[in-house]
Amino acid sequence: MPSQKATMSSNRPTVLILASDPAFAREITTHWPQDPAPHCNGPEFIVLDEGFSRGLKGSNYDLAIADASCYERRKHNKKDENDPSQDRNGQNQVLNRALAAAGKPAIVIHSDPARDFYNIHGAVIELRGEPGVWPAMAGLIGREILRRRQAESHAREAGKLCAAAQSEATLGRYMLEMRTNVNNALTTVLGNAELLVLEPGLPATVLAQADTIRNMALRLHEVFQRFSSLEKELTVAARESGKKSLHAAAGSS
C-alpha cells in the first residue's frame, strides 16, 4: 500500500486519523484546539481506515488518533458472539501493538465503560470516548504531544548546530595556535626558494619550479596574516559587544 503511506508536510505536523467512521474524523478536526501562538499553522489531517494501522511502520507522521470503538460496534452487530476474529479486546490489542510498533505517539479512543478513563502504554494513550468530552480531550492531548515533538526536534537541531560550531571553533583555535610555527616554516621555504632563484647556472625548469615554490609560500603567508587580522577583529568585536551589554543592563536598572 505505498499510495496509502502518510507523508509529512514540511511546515505542518501530520496527524493520522485511523477510522472507518467519517463522523469520528469530523469530531477530531472540528474540536481540534486553535494554537494561540501567532503565525502557527495547525496540523495536517490525513484520514485512513483503521485497518491500515498495521502498515504504519516507516511512515512519516507525528501523531496517530485511532478509533478502537469500531471493534465494539462490529462485535455488537455480529450474531456469532463466539467468533474469535471479532473479539473486542483482541482486536484492540492488535491495534495498540501496531501503533506502538510504528514508534510514534498515538491516542486510541475506546468505548468500553468497564475500563479506566485513560491509560498510558508507552507512547500510546488510551482514552475512553465519553460523549461530548472525548473530542476536546483528544485535541488538547494531541496538541501538547505535537508541541513537545516540535520542541524536541528544535533541541536536536540546535544540538547539531552547536556541535558543528564547536568543531569549527576548535579548528580555528588550532590554526591560530599553529600560525607561528607555520609562518616560521614558510619563512624557511621562502628564503631557500629565493636563494635557488638567484643561483647562477641552474636549468630553466629548476628556476621555474623554485619561483613557483616562492610564490606559493608568499600566498600561504598572506593567508595566515589574514588569520591574525581576523583574530584581532573578533577580539575588538567581542569587547564592544560586552560594553554594549553592560550599558544596556545599566540602562534597564
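Further up the page is the structure itself.
Described in the following lines is the structure provided in the data block. These numbers come from a predicted model, not from an experiment.

Cut-offs applied
Residues numbered from 1 in each chain as written. Predicted model: local features only at pLDDT ≥ 70, side-chain atom pairs only at ≥ 80, totals over all residues. Heavy atoms only, no water. Helix = DSSP H or I, 4+ residues; strand = E, 2+ residues; numbered from the N terminus. Buried < 20%, exposed > 50% of the residue type's maximum accessible area, 1.4 Å probe, protein only. Contact = heavy atoms within 4.5 Å. Core = buried A, V, L, I, M, F, W, Y, C linked by side-chain atoms within 4.5 Å. Pairing = 2+ DSSP bridges. Expected span 1.5 Å × (residues − 1). Bend = angle between axes of the 7 residues up to and from the residue.

1. A word on the overall build of the protein chain
- In terms of regular secondary structure, the protein chain is built from five helices and six strands.
- Shown N-terminal to C-terminal, the secondary structure of the protein chain runs as helices and strands in the order β-α-β-β-α-α-β-β-β-α-α.
- The buried share of the protein chain, taken over its 253 residues, is 27%.
- The long-range share in the protein chain, meaning contacts at least 24 apart out of those at least 6 apart in sequence, stands at 69%.

2. A few points about the nonpolar core
- With 17 residues, the main nonpolar core has Phe-24, Ile-28, Trp-32, Leu-63, Ile-65 and Ile-109 as its most contacted residues.
- It is helix 4 (residues 134-198) that provides the largest number of residues to this core, a total of four residues.
- With residues up to four places along the chain from it excluded, the contact list for Ile-65 reads Val-15, Leu-16, Ile-17, Leu-18, Phe-24, Ile-28, Trp-32, Ile-107 and Ile-109.
- Leu-16, Ile-46, Tyr-61 and Ala-68 belong to the second largest nonpolar core, which has 15 residues in total.

3. Thoughts on the pairing of strand 6 (residues 124-128)
- Taken across its five residues, strand 6 has five buried, putting it largely inside the fold.
- Taking every second residue as pointing to the same face, both faces of strand 6 are buried, with Val-124, Glu-126 and Arg-128 on one and Ile-125 and Leu-127 on the other.
- In the sheet, strand 4 (residues 106-110) pairs with strand 6 via five bridges, with the strands oriented parallel. Bridging across to strand 6, Ile-107 finds its partner in Ile-125.
- Pairing between strand 5 (residues 118-121) and strand 6: four bridges, direction antiparallel. Each bridged residue has a counterpart across the sheet, and for Tyr-118 the counterpart in strand 6 is Leu-127.

4. Considerations on helix 4
- Helix length check: helix 4 (65 residues) gives 91 Å between terminal C-alpha atoms against 96 Å at 1.5 Å per residue, within 8%.
- Along its length, helix 4 shows its largest kink, about 45°, at Arg-179.
- Taken together, the buried positions of helix 4 are occupied by Trp-134, Pro-135, Ala-138, Gly-139, Gly-142, Arg-143, Ile-145, Leu-146, Asn-183, Leu-186, Leu-190 and Ala-193.

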